[in-house]
Amino acid sequence: MKNFKLLALPVLTLSLSAAAADNLISLDPIEARLTAGPIALKPLPISKPAELTAPSGEAINQRRETVSFITPLSGQYHAAVMAAEHTSVSDEYWRRVTGEELNRGIGLNVSQSGSLIRLAARVDNSSGAPVRADSIAPADIQLELPGSKLQPQELIRSQADSQALATAGLADNSSALLMSRSAPPGQYKLKVKSILNPNAQYLVNVKEKGSPYTLSLTTPTSLATGAQMSFSLKLNKTSKALKPSAFIRHGDGTETKVALSSAKGFWQANNIQQSDEVTSGLSELHIQVETQVDGKPVTRSVKSAFKSYVNSARLGAMGKTQWRKKLPETVSFPIEVADEGRFQLGAVLTGIGRNGREFQILKTEVAGWVSGKAQVLELPLDAELVRKSGLKPPYRLRAIELKDQGQMARLSLSDSPRSLR
Amino acid sequence: MKKYLLLGVLAVAPLTHAATGVAFVHGTGSQTDALNDYWTTDFVNSVRQGLPNSSKFTVINCDFEQYMWTDGAAGCLAGQLQQFIANESIDSLTLVTHSNGGNVVRWILSNPTWDARYPNIINATDNVIALAPSSGGTPLADAVVNGNAFEQLLGWILGYANDAVKQQQVSWMSYYNNTWLHGTSGRPSLAVNFETVVGSDVDSAFWDGDSYCGGYSNQVALETTQNWLDSCSDGFLNCSSQSAAGSVWFVDKQKTRGREPLSHQQSRRDCFHLDRFIRDRL
């Protein structure tokens, strides 16, 4: 591994200078498929607003220093597969209920024997002060299957209390019941014997491990403000049309109910109310489906995260290359920004081998503070590494990637080769 | 390249001696005494015997309840590593990480331009031994975080829904792996060797003394949480998550004494000769 060492370039090589606005081009993100998703028939439609917008709020990375870095590479160049989508597959569901509902008893769809039911005490802040619900002892939970001859105790195989679950990482004040393998699918009634605060909030989580009724959700991994949110949704083992309900949980933790429509094999979430505000967290699309499959009641929840961002900058056409003895030392790119911030540019430098194929020489990255409307980012290339590679021109840049470190968002990624000149 | 640079340094500073060192990087949690509270002195003291000079080690104490890129997490780690490298003249560093500590280290290795301290740390690092890293996230994080909007706003009060837990939800890690982190399939490789030890099962038979390594009650609970996980898991992470980044050094039973599995608690303890394997790897 030693011979694969990285070269740090502490001398900062990002330079800022004016660039002609008419040189600017748009770099489309690579649209590539995620690995074998169950419903990955065709890529999700992706849209991106053309105009630049400045993000609001506090930037995540506000460092002003310029840092560049070169990683030596070797071997034939192959474009990296960049997933633009993520597929989540769910064999479970979760619902929010009150203490009053739990004392009264709630209906619970179970489509799989041996399922696991978890009750988690939650916190309600709707009154302005956080109210923490009490945890529920497993012994206080009753499970019944109306119309069945099975006794309640025959429906449960084992129990775990909140302390036991906390030691294993489920530290959210929850208790769990593991249903017996003889407990059949059906609509159960779950009731809590101990008196609970009627307004206390609880989460009911039913995990049906190994169930064939899985709900798959494919969403884009990032979404620019103003773009359309298209997604795919499929419940396994059924071809019935689904009637899902949905909400978006934004990066700041707030939630927005969204209306759904479907067309051309995709679903679309409308009125998702993205904000220009920078948030550290990701946004999530949550989907809930309730239906009947093969005469069994099936309920599923699924969620998938995506990065919500504003289109804050774009690169222009590649600028001039600085050469030393016919070897490239630096290359510049104009960048247009909506507002000042910390931006990162990266690319892979390739050359041509004796067999005429394209080989990689190095990966170069630079990040720094860019202010003003038209500036230039300069990538270091290391002529000595190019010479040692023995590769010949044309030297090309591949995988040209622009990121906004203030938003923690990838703004563009292009694998179209750009020959140095 | 590195040797060439070192010669230059020696020419002007002949009293400086390069050294091999190891740093222990804990997982999720805010640590002030990770040596005793997260690792154990038995484990750390055993591992560091594999160094040419066993005093060249450090145990990291940072706030890994925060997102991996924050000043409290990667920033704190970078500060402590930078100080260790400088004070001990370390030029060959091995990082031993556990769980989410692997993600914080991968953040630094994958994003050299984020912080001016990162390049020197990357250059000094030769190897990462990632014990049960949560590289692909865990469904348990999803289970903990699922709740109502109100408590999402109160994560800092609740503790359990901290940012590090949110970050380790499966679809969140998918985004970070595809955009900001290197080393997973289809993504640029990590330039530093990142080799993982994978825990594949939980053994909690009360008659088996091996179930008591790391604490028996922990083992029982981990068996419960396996219901959210694949058949191959360490009770907290699926094997697929632990092996999602870098290369697999070994899956527990391939090497451990008596082919015992390493639960998520046991993969940071001197259980079944794990400490000896790492010691011999330094």
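Parameters at a glance
Counting restarts for each chain: residues are numbered from 1 in the order of the written sequence. Chains and ligands are labelled by the order in which they are written, letters from A for the one and numbers from 1 for the other. A pLDDT threshold of at least 70 governs which residues receive local features in this predicted model, and a stricter bar of 80 or more applies before side-chain atom pairs are shown or counted, although totals over entire chains, interfaces and linings include all residues. Per the convention used, a helix needs a DSSP run of H or I reaching at least four residues, while a strand needs a run of E reaching at least two, with both numbered from the N terminus. Whether a residue is buried, exposed or partly exposed follows from its count of other C-beta atoms within 10 Å of its own C-beta, namely 20 or more, 12 or fewer, or something in between, respectively; the C-beta atoms are built from the backbone. The contact rule is simple: place each C-beta atom from the backbone, and if two of them lie within 7 Å, those residues are in contact. Note on terminology: a nonpolar core is any set of buried Ala, Val, Leu, Ile, Met, Phe, Trp, Tyr and Cys residues joined through C-beta atoms within 7 Å. Throughout, the edges of the domains are those of an automatic or database domain assignment. In this count, Pro and Cys sit with the nonpolar residues alongside Ala, Val, Leu, Ile, Met, Phe, Trp and Tyr, while Asp, Glu, Lys and Arg are called charged and the others, Gly among them, polar. In this analysis, strands are considered paired if DSSP registers two or more bridges between them. Here an axis means a line fitted to C-alpha atoms, over the contact stretch when the element is a helix, while the angle between two N-to-C directions is reported on a 0 to 180 degree scale. Directions from the helix axis toward the C-beta atoms define the arc. Each residue gets a pLDDT score, which is the predictor's confidence in that residue and runs from 0 to 100. For classification, angles of less than 35 degrees are called roughly parallel, those exceeding 145 degrees roughly antiparallel, those between 65 and 115 degrees roughly perpendicular, and all remaining angles oblique.

**Q** Would you explain the overall build of chain B in this entry?
**A** Tallying secondary structure elements over chain B gives 14 helices and 6 strands in all. Relative to its full complement of 282 residues, chain B shows a buried share of 61%.

**Q** Please clarify how the overall build of chain A should be interpreted in this entry.
**A** Across its full length, chain A carries 3 helices and 30 strands. Expressed as a percentage of its 421 residues, the buried residues of chain A come to 45%. Contacts in chain A between residues at least 24 apart in sequence constitute 76% of all its contacts with a sequence separation of at least 6.

**Q** Help me understand the nonpolar core in this model?
**A** For soluble globular proteins, the rule of thumb is that nonpolar side chains tend to be buried together. All names here are of chain B. Membership of the largest hydrophobic core comes to 176 residues, with the highest contact counts inside it found for Leu77 and Ile108. Top contributing element to this core by residue count: helix H4 (residues 71-88), with 7 residues. Beyond its immediate sequence surroundings of up to four residues, isoleucine 108 is in contact with Ala74, Leu77, Ala78, Tyr118, Ile121 and Ile122.

**Q** Sorry if this is basic, but what is going on with the environment of aspartate 33 of chain B here?
**A** Residue and element names in this part refer to chain B. With respect to the helices, strands and loops of the structure, aspartate 33 is situated in the loop between strand E1 (19-25) and helix H2 (34-37). On the basis of neighbour counts, which here come to 10 C-beta atoms within 10 Å, the residue aspartate 33 falls in the exposed class. In this structure the C-alpha to C-alpha distance between aspartate 33 and arginine 187, which are 154 residues apart in sequence, comes to 35 Å.

**Q** Is there a simple way to think about the domain arrangement of chain A in this case?
**A** Accessible area lost upon the coming together of the parts is a frequently used measure of interface size. Residue and element names in this part refer to chain A. Partitioning chain A into structural domains gives domain 1 (2-84 + 311-419), domain 2 (93-207) and domain 3 (213-309). For domain 2 versus domain 3, the distance between C-alpha centres works out to 26 Å. Listed as interface residues are 6 residues of domain 2 and, on the opposing side, 7 residues of domain 3. The class makeup of the residues in the side of domain 2 that touches domain 3 is 3 nonpolar, 3 polar and no charged.

**Q** Can you walk me through the sheet that holds strand E13 (residues 201-207) of chain A in this structure?
**A** Strand pairing in a sheet is mediated by backbone hydrogen bonds. Such pairs are either parallel or antiparallel. All names here are of chain A. Read from one edge to the other, the open sheet built from 5 strands follows the order E4-E13-E6-E11-E10, with strand pairing classed as antiparallel. Each edge of the open sheet is held by one strand with a lone partner, namely strand E4 (92-98) and strand E10 (156-160). Ignoring strand direction, the axes of neighbouring strands in this sheet form an average angle of 15°. Across 5 bridges, the pairing between strand E6 (residues 116-121) and strand E11 (residues 174-179) is antiparallel. Each residue of the ladder has a partner; that of leucine 116, found in E11, is leucine 178.

**Q** Help me out: how do you make sense of H4 of chain B in this one?
**A** Turn by turn, an α-helix covers 3.6 residues, leaving residues three or four places apart pointing in a common direction. All names here are of chain B. Regarding H4, the residues found buried are Ala73, Ala74, Leu77, Ala78, Leu81, Phe84 and Ile85. All buried residues of H4 lie within an arc of 135° about the axis, which places them on one face of the element. Opposite the buried face of H4, at more than 90 degrees from it, the exposed residues are Gln83, Ala86 and Asn87. Looking at the packing, one finds that the buried side of H4 touches E1, strand E2 (57-59), strand E3 (90-98), helix H5 (101-110) and helix H6 (118-124). With its phi angle positive at about 50°, serine 89 sits one or two positions after the end of H4.

**Q** Is there a simple way to think about helix H11 (residues 170-179) of chain B in this case?
**A** With 10 of 10 residues buried, H11 of chain B lies mostly within the body of the structure. Among the residues of H11 of chain B, Val170, Ser171, Trp172, Met173, Ser174, Tyr175, Tyr176, Asn177, Asn178 and Thr179 of chain B are the ones counted as buried. Residues of H11 of chain B that are buried in the fold lie against strand E3 (85-90), strand E21 (296-309) and strand E29 (409-414) of chain A together with helix H7 (139-145) and helix H10 (163-167) of chain B.

**Q** How do you make sense of unusual backbone geometry when you look at a structure like this?
**A** Excluding glycine, residues mostly carry a negative phi; peptide bonds, for their part, are mostly trans. For the peptide bond that leads from proline 393 of chain A to proline 394 of chain A, omega is 5°, which places it in the cis range. Note that proline 394 of chain A resides in strand E28 (residues 392-404). Look at alanine 132 of chain B: it is not a glycine, yet its phi comes out positive at around 45°. Summarising the element assignment, alanine 132 of chain B is placed in the loop between strand E4 (125-131) and H7. The class of alanine 132 of chain B is buried, set by 32 C-beta atoms lying within 10 Å.

**Q** When you look at the sheet that holds E2 of chain B in this model, what are you seeing that I'm missing?
**A** All names here are of chain B. The strand order across the open sheet built from 6 strands is E2-E1-E3-E4-E5-E6, with neighbouring strands paired in parallel fashion. Of all the strands in the sheet, the pair left with one neighbour each is E2 and strand E6 (247-251). Going across the sheet, the axis of each strand differs from the next one's by a mean of 20°, ignoring polarity. Of the pairings in the sheet, the one linking E3 to E4 comprises 6 bridges and is parallel in character. The residue bridging leucine 93 from the neighbouring strand is threonine 125, located in E4.

**Q** How should I be thinking about the pairing of E29 of chain A in this particular structure?
**A** The side chains of a regular strand alternate, residue by residue, between the two faces of the sheet. Residue and element names in this part refer to chain A. Counting buried residues along E29, 5 of its 6 residues qualify, which places the element largely inside the surrounding structure. Strand direction decides the pairing type here: E28 and E29, joined by 5 bridges, are antiparallel. Paired with leucine 402 across the bridge in E29 is serine 412. Hairpin connection, E28 to E29: the antiparallel pair is bridged by 4 residues, and methionine 408 has positive phi, about 55°.

**Q** Please clarify how the confidence of the model for chain A should be interpreted in this entry.
**A** Any region with low pLDDT has predicted coordinates that should not be read closely. Chain-level statistics for chain A give a pLDDT mean of 85 and a share of 87% at 70 or above. The model gives residues 1-41 of chain A a pLDDT under 50, and that stretch makes 106 contacts with residues more than four places away or in other chains.

**Q** Is there a simple way to think about the environment of leucine 44 of chain A in this case?
**A** Residue and element names in this part refer to chain A. Considering the arrangement of structural elements, one finds leucine 44 in the loop between strand E1 (7-9) and strand E2 (67-72). Residue leucine 44 is classed as partly exposed on the basis of its C-beta count, with 19 C-beta atoms lying within 10 Å. For the pair formed by leucine 44 and valine 376, sequence separation is 332 residues and the distance between their alpha carbons is 33 Å. Residues in contact with leucine 44, not counting those within four places in the same chain, are Glu85, Thr218, Pro220, Ser230, Phe231, Ser232 and Phe266.

**Q** Quick question: what am I supposed to make of the environment of lysine 403 of chain A here?
**A** All names here are of chain A. Following the sequence through the fold, lysine 403 ends up in strand E28. For lysine 403, a count of 25 C-beta atoms within 10 Å gives the class buried. In the structure, lysine 403 is positioned 10 residues away from leucine 413 in sequence and 8.8 Å away in space, judged by C-alpha atoms. Here lysine 403 is in contact with Phe343, Gln344, Ala409, Arg410 and Leu411, once residues within four sequence places are set aside.

**Q** Looking at this structure, I do not really get the packing of H4 of chain B against H5 of chain B. What am I missing?
**A** Geometrically, a packed helix pair is captured by the angle between its two axes and the distance between the axes. Residue and element names in this part refer to chain B. Put simply, H4 and H5 touch, their axes get as near as 10 Å, and they point 75° apart. The pairing of H4 with H5 is recorded here as roughly perpendicular in orientation. Residue-level inspection shows Ala73, Ala74, Leu77 and Ala78 of H4 in contact with H5, the latter providing Val104, Trp107 and Ile108.

**Q** Please clarify how the confidence of the model for chain B should be interpreted in this entry.
**A** All names here are of chain B. Confidence in the prediction of chain B, expressed as mean pLDDT, is 87, and 82% of residues score 70 or more. In this model, residues 1-15 is a region of pLDDT below 50 whose contacts with residues beyond four sequence positions or in other chains number 8 contacts. Scored below 50 in pLDDT, residues 153-159 shows 11 contacts in the model against residues more than four places distant or in partner chains.

**Q** Where do I start with the pairing of strand E25 (residues 341-352) of chain A in this structure?
**A** All names here are of chain A. The buried count for E25 comes to 11 of 12 residues, which makes it a mostly enclosed element. With 12 bridges connecting them, E25 and strand E26 (residues 358-370) associate as antiparallel partners. Opposite glutamine 344, over in E26, you have alanine 367 as the bridge partner. Where E25 hands over to E26, the hairpin turn is made up of 5 residues, of which glycine 356 adopts a positive phi near 85°. Inspection of the sheet shows E25 paired to E28 by 8 bridges, in the antiparallel sense. Its bridge partner being in E28, glycine 346 is matched across the sheet by glutamate 401.

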